[in-house]
Structures are given as C-alpha cells and as structure tokens.
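# Chains, contacts and geometry: an overview
Residue strings, one per chain:
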Amino acid sequence: MRFNITDAVKHLIIINVVMFIGTVALGDGKLFYSLFSMFFPTNDLFQPWQVVTHMFMHGSPTHLLFNMFALWMFGTPVEQRLGTKKFLFVYFSAGFGALLFQLGYYYIDYLSAMQSIADLSLSKELLHEIMNIDATSGDYIKSEILYQKMIPLLNDANFTTDISGDNFKVLFDLNVLNRSTMVGASGCIMGLLAAFGMMNPNAELMMIFLPIPIKAKYFIPGIILLDVISAITGTSFFSPSNTAYMAHVGGAVIGFLIMWYWKKNDMNKFRWN
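This text gives an overview of the structure that appears in the document. Everything numeric here is computed off the predicted structure, so don't read it as measured data. (Residues numbered from 1 in each chain as written. Predicted model: local features only at pLDDT ≥ 70, side-chain atom pairs only at ≥ 80, totals over all residues. Heavy atoms only, no water.)

## As for the packing of helix α9 (residues 186-199) against helix α11 (residues 245-264)
- At a minimum axis separation of 7 Å, α9 and α11 run at an interaxial angle of 40 degrees. Considered as vectors, α9 and α11 are oriented oblique to each other. In this structure, α9 meets α11 at a crossing whose hand is right-handed. Every residue of α11 that contacts α9 at S186, G187, M190, G191, A194, A195, M198 and M199 is listed here: A247, H248, G251, A252, G255, F256, M259 and W260.
- Here the contact of α9 with α11 is composed, by residue class, of 10 nonpolar, six polar and no charged. (Axes fitted to C-alpha atoms, helices over the stretch in contact; angles between N-to-C directions. Helix = DSSP H or I, 4+ residues; strand = E, 2+ residues; numbered from the N terminus. Parallel < 35°, antiparallel > 145°, perpendicular 65-115°, else oblique. Left-handed = near helix turned anticlockwise from the far one by under 90°. Contact = heavy atoms within 4.5 Å. Nonpolar A, V, L, I, M, F, W, Y, C, P; charged D, E, K, R; others polar.)

Here you go:
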C-alpha cells in the first residue's frame, strides 16, 4: 500500500508533534499545559488563544499517536476530495464546534451547581478564589486539601455560615469543573470522520478492538451514539474515562452539517465535489 499524505494533513501532524515535544521537554511538562490547554473560562489560567491551541495539545504519546493516525487515514482522502481550503474549514469548524458542545455541557453542570449553593450567598470574589484553589495531589484533586485551603479564605472574608455536607460537595465539584481542561484534535478529527462518511457511505471501517468491517453510514453514527451514552452515563466503551465525549459529538455534528450544506448546494458555488 502506497503511503499518501496531503499537504495540510502533513503540516497539521507536524504542528501537533512539535507541540507535544514542547510539552514534554519544557517546564517540567507543565508549561505548555498551563499556556495552551483549554481551561474553563472561570479559571485564572484561561486565555483566549486556548480556543485554538488546545486542538494541538495531547495528553500522552498514545493520545497523539491515535489522533495523528486518524488524521492521516481520514484527513487525506477528505483533503484530496475537497481541496486544502475547504478541508481546513471543516477541520477547524469541527474543532470549534467540539469546544462549544463540551463547554455547553460543562456550563449546564456549572449553572446547576451555582443554583444549589445560592443560599450560601458567597460573594463572587470568594467563590472565584475557592474555585481556583489548587487542591491537586499527583493526578487527583483531593477534597481534604480543598477544605484545608478553603478555611483561611472563609475566615478572611468573615464568612460564618457552615459549609459542610452537600454544600461542600458542590464546592468541590465546582473546583473540579473549574480545573478541567480540554486537549486534543479529537473534535477536529470527528468532523473529518463525518465528512468522510458523507463522501464514502459504503466504505467499510473497523475498530482496532473490534475487527469487524462495518459500512461508514452505520459505523460513524454508532460511534457518535456511544459518545452520547458515555457523556450521559459516564460509562466508557472504547475511550479513556476522562474523554470529552460531547466534544466528539460536537465535532461530528458540525462536520456533518457542513458537508450536508455543501452537498445540498452542489450545483452552485458552495459545491463540495
């Protein structure tokens, strides 16, 4: 089999690899994550450029390898068919769509949590400080660390209302949400996967862990459905448990909508083939 790769796909892979090398080589593995990962907007580390840079960040060599393999496999035929400009439009539009879907999903949890602690009457400043407490120990956020660091803040603010039980759990959940990050090109690639499926509905695809050929018109909706179920239930099927499932869904939906529009208008200037 001849190894073909188109220009935009090649350069995207190079950028992703360079960013990963920078991530592991500089700042004890933390500098690039703090600068270029996508943080929840209430986090002190959030910066506007992260809406783009997070698409080029990856959490591990395996994460990078699988995404770049998928980018080559599906991105190359899509770019060959659409051309570079339209390919990049689909790629980044899917990435932004993935971000909006995942942030929207997080924001629903955020609003629900804020409503739950409304009776505490915490000031915006105090709540912001609590949400931005670093309570991490290794790879985990510890409730006991959050509590220990939260007490001096409450005392300084002369806050005397008892915070325990359910109220503390909500504050802990808000801290976890606030410190959540998004990294990876998965949303972009899901958009390409949807585009590939629209162009090649009868192409047979297989998962590494399920080597059974399935036509793209069934395979791709099935993958999206599993991501929706995972987002709702927290049950992981083929992805790590910390996967941003709604980002996958968002990327695929945007990729599908773009291709549907171009296909619908295939007799005018918006034609896709």
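The discussion continues.
## Thoughts on helix α8 (residues 166-178)
- For α8, spanning 13 residues, the distance from its first C-alpha to its last is 18 Å, which sits close to the expected 18 Å at 1.5 Å a residue.
- When α8 is considered as a whole, its buried residues turn out to be F168, V170, L171, F172, L174, N175, L177 and N178.
- Check the buried side of α8 and you find it contacts α5 (84-116), α6 (124-131), β3 (140-141) and α7 (143-156). (Expected span 1.5 Å × (residues − 1). Buried < 20%, exposed > 50% of the residue type's maximum accessible area, 1.4 Å probe, protein only.)

## Structural notes on a nonpolar patch on the surface
- Taken together, the side chains of L26, L31, L35 and W49 present a nonpolar region at the surface, about 350 Å² in accessible area.
- Tracing the backbone shows L35 in helix α2 (residues 31-36).
- For L35, a relative accessible area of 33% translates into the label partly exposed. (Patch = residues over 30% accessible without salt bridge, like charges linked within 9 Å, V, L, I, M, F, W, Y side chains within 5 Å. Areas by Shrake-Rupley, 256 points an atom, 1.4 Å probe, with all protein chains shown as cover. Salt bridge = Lys/Arg side-chain N within 4 Å of Asp/Glu carboxyl O.)

Read these as spatial facts, not as claims about activity.
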